[in-house]
Amino acid sequence: MATVDDGELVFYPAFCFRASPTHFAWVKMGAVDVHLLKRRAGFEDQSTFFYMNHPIRFVSLVGIIVARTEYPTLTILTVDDSSGATIDIIVLKAPVTDDDGDQSVQSGRRGGLQSACATKHVAATNKTTVDTTALVPGVVVQVKGTLSMFRATMQIQLERVSVVQDTNAEIQFLDQRSRYLVEVLSVPWSLAEEEVERLRSEADDEEERLEEEQERIKRRQRRRIEREEKDQRRIQKLWEREERLRAKEALYSRDAGAKFMREFEERKV
């Protein structure tokens, strides 16, 4: 069942998250509010943080890049979204191959930020390529990403990014962000007991289906292994029979050769 903290906020079990307005959404937030997100006991193994009792995994924000810092395995974009705080956006770099290394050396001769931008970056989750060439200080961007924490400080792992070239689009996003904060995030998430029980039942049914599917997969794997072992035994028996036949043929050939030589020697005498 749900638990209640000292502030009387109800924190629902993870099977209820599918009914949450925030858990499967790109939540429009300001950097200052992202820094207010907290982990909660029992969910440490998930990339889920909480604003009040709202479970949040994915966030979206718009701001200006104020710094870009390069490291061997990642790039950090520091973004200021005028909310009262900045936040670091982590952009992962793809592992360097031999070809990439040669190109990096050639690019390095040009030096500066151009060389840094030439490095291949990838999205945090699906590892698709992310073009970071235009992501330099002074550029306004909309970023979408997953949440992580480094040294007790919230960060965003980049999943998608686009350059915002229209001031109206930026203002529209800020308006949507403000309304979402007031209408959704600032209102405790609440579920009726009937809804919780329905979600529990659905979760149990889904878990049962998954167990049945896993058992079917295991049975198929066992049958496949049994077929392979049976085929291997059949092949082994066939090989052993052929070896016996070859041994008999070799013995027959040796005896025939010896007989021929004896007859040949007798004719010479």
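On a predicted model such as this, the values are computed, not experimentally measured, just so you know.

Caption draft 1: Highlighting the overall build of the protein. A count of helices and strands for the protein gives five helices and twelve strands. Across the 269 residues in the protein, those meeting the buried criterion constitute 30%. A fraction of 61% describes how many contacts in the protein between residues 6 or more apart in sequence connect residues 24 or more apart. Summed over all atoms, the accessible surface of the protein reaches about 17,400 Å², with 52% contributed by carbon and sulfur.

Caption draft 2: Inspection of the side chain of T48 at higher detail. By secondary structure assignment, the location of T48 is in the loop between α1 (31-34) and β4 (49-51). Those residues within four positions of T48 in sequence are excluded, and the remaining contacts are F17, H23, R39, P55, I56 and R57.

Caption draft 3: Up close: the packing of aromatic side chains. Counted according to the given criterion, the structure contains five aromatic pairs. For the ring pair F17 and F50, a centre distance of 6.1 Å and an interplane angle of 65° mean the geometry is edge-to-face. Taken as a pair, F17 in the loop between β2 (10-11) and β3 (26-28) and F50 in strand β4 lie far apart in primary sequence, 33 residues in all. What makes F17 buried here is its relative accessible area of 2%. Between F17 and W189, the aromatic rings sit 6.4 Å apart at their centres with planes inclined by 50°, giving tilted as the arrangement. Of this pair, F17 sits in the loop between β2 and β3 while W189 sits in the loop between α4 (167-185) and α5 (193-268), placing them 172 residues apart in sequence. Here the two residues F17 and W189 agree in accessibility, since each one is buried. Grouping aromatic residues by their ring pairs yields a cluster made of F11, Y12, F17, F50 and W189.

Caption draft 4: Representation of the pattern of salt bridges in the model. In total, this model carries ten salt bridges according to the counting rule given. Ionic pairing is found between E195 and R198, a salt bridge with its closest N-O pair at 2.6 Å. Separated by three residues within a single helix, E195 and R198 lie in helix α5, roughly one turn from each other. Among the residues examined, E195 registers a relative accessible area of 23% and is labelled partly exposed. Residue R198 is classed as partly exposed on the basis of its relative accessible area of 38%. One salt bridge in this structure joins R224 and E228, with 3.1 Å as the shortest N-O distance. Pair noted here: R224 and E228 are both in helix α5, with a separation of four residues, about one helical turn. In this structure E228 comes out as partly exposed when scored by relative accessible area, which is 42%. What you see here is one network of salt bridges that share partners, running through R18, E195, R198 and E202.

Caption draft 5: Layout of unusual backbone geometry. For M52, which is not a glycine, the phi torsion comes out positive at approximately 55°. Checked against the element boundaries, M52 lands in the loop between β4 and β5 (54-56). We classify M52 as partly exposed; its relative accessible area is 31%.

Caption draft 6: Fine view of the nonpolar core. Counting 30 residues, the largest nonpolar core has M29, L37, I56, I89 and L147 as the members making the most contacts within it. For this core, the secondary structure elements donating two or more residues are α1, β4, β6 (58-70), β7 (74-80), β8 (86-93), β11 (140-150), β12 (153-163) and α4. Excluding residues that lie within four positions of it along the chain, M29 makes contacts with V34, L37, Y51, I56, V59, S60, L61, D81, R177 and L185. Counting 13 residues, the second-largest nonpolar core is a separate cluster that includes Y12, F15, W189 and L191.

Caption draft 7: The pairing of β12, seen in detail. Sheet topology places β8 next to β12; two bridges connect them, and they run parallel. Directly across from I89, in β12, lies its bridge partner I156. Where β11 hands over to β12, the hairpin turn is made up of two residues, of which R151 adopts a positive phi near 50°.

Caption draft 8: Quick peek at a negative patch on the surface. A surface patch of like charges, here negative, comprises D204, D205, E207, E208, E211 and E212. As for its placement among the helices and strands, D204 is situated in helix α5. Residue class for D204 comes out partly exposed when judged on its relative accessible area of 42%.

Caption draft 9: Inspection of the environment of S47 at higher detail. Residue placement: S47 occurs in the loop between α1 and β4. Sequence-wise, S47 and L147 are 100 residues apart; in three dimensions their C-alpha atoms are separated by 6.5 Å. Once residues within four sequence positions are removed from consideration, S47 is found in contact with I56, R57 and L147.

Conventions adopted
- Residues numbered from 1 in each chain as written.
- Predicted model: local features only at pLDDT ≥ 70, side-chain atom pairs only at ≥ 80, totals over all residues.
- Heavy atoms only, no water.
- Helix = DSSP H or I, 4+ residues; strand = E, 2+ residues; numbered from the N terminus.
- Buried < 20%, exposed > 50% of the residue type's maximum accessible area, 1.4 Å probe, protein only.
- Contact = heavy atoms within 4.5 Å.
- Areas by Shrake-Rupley, 256 points an atom, 1.4 Å probe, with all protein chains shown as cover.
- Phe/Tyr/Trp six-rings, centres within 6.5 Å; stacked < 30°, edge-to-face > 60°.
- Salt bridge = Lys/Arg side-chain N within 4 Å of Asp/Glu carboxyl O.
- Core = buried A, V, L, I, M, F, W, Y, C linked by side-chain atoms within 4.5 Å.
- Pairing = 2+ DSSP bridges.
- Patch = residues over 30% accessible without salt bridge, like charges linked within 9 Å, V, L, I, M, F, W, Y side chains within 5 Å.
- Lys, Arg positive; Asp, Glu negative; His and termini not counted.
- Charge placed at Lys NZ, Arg CZ, Asp CG, Glu CD.

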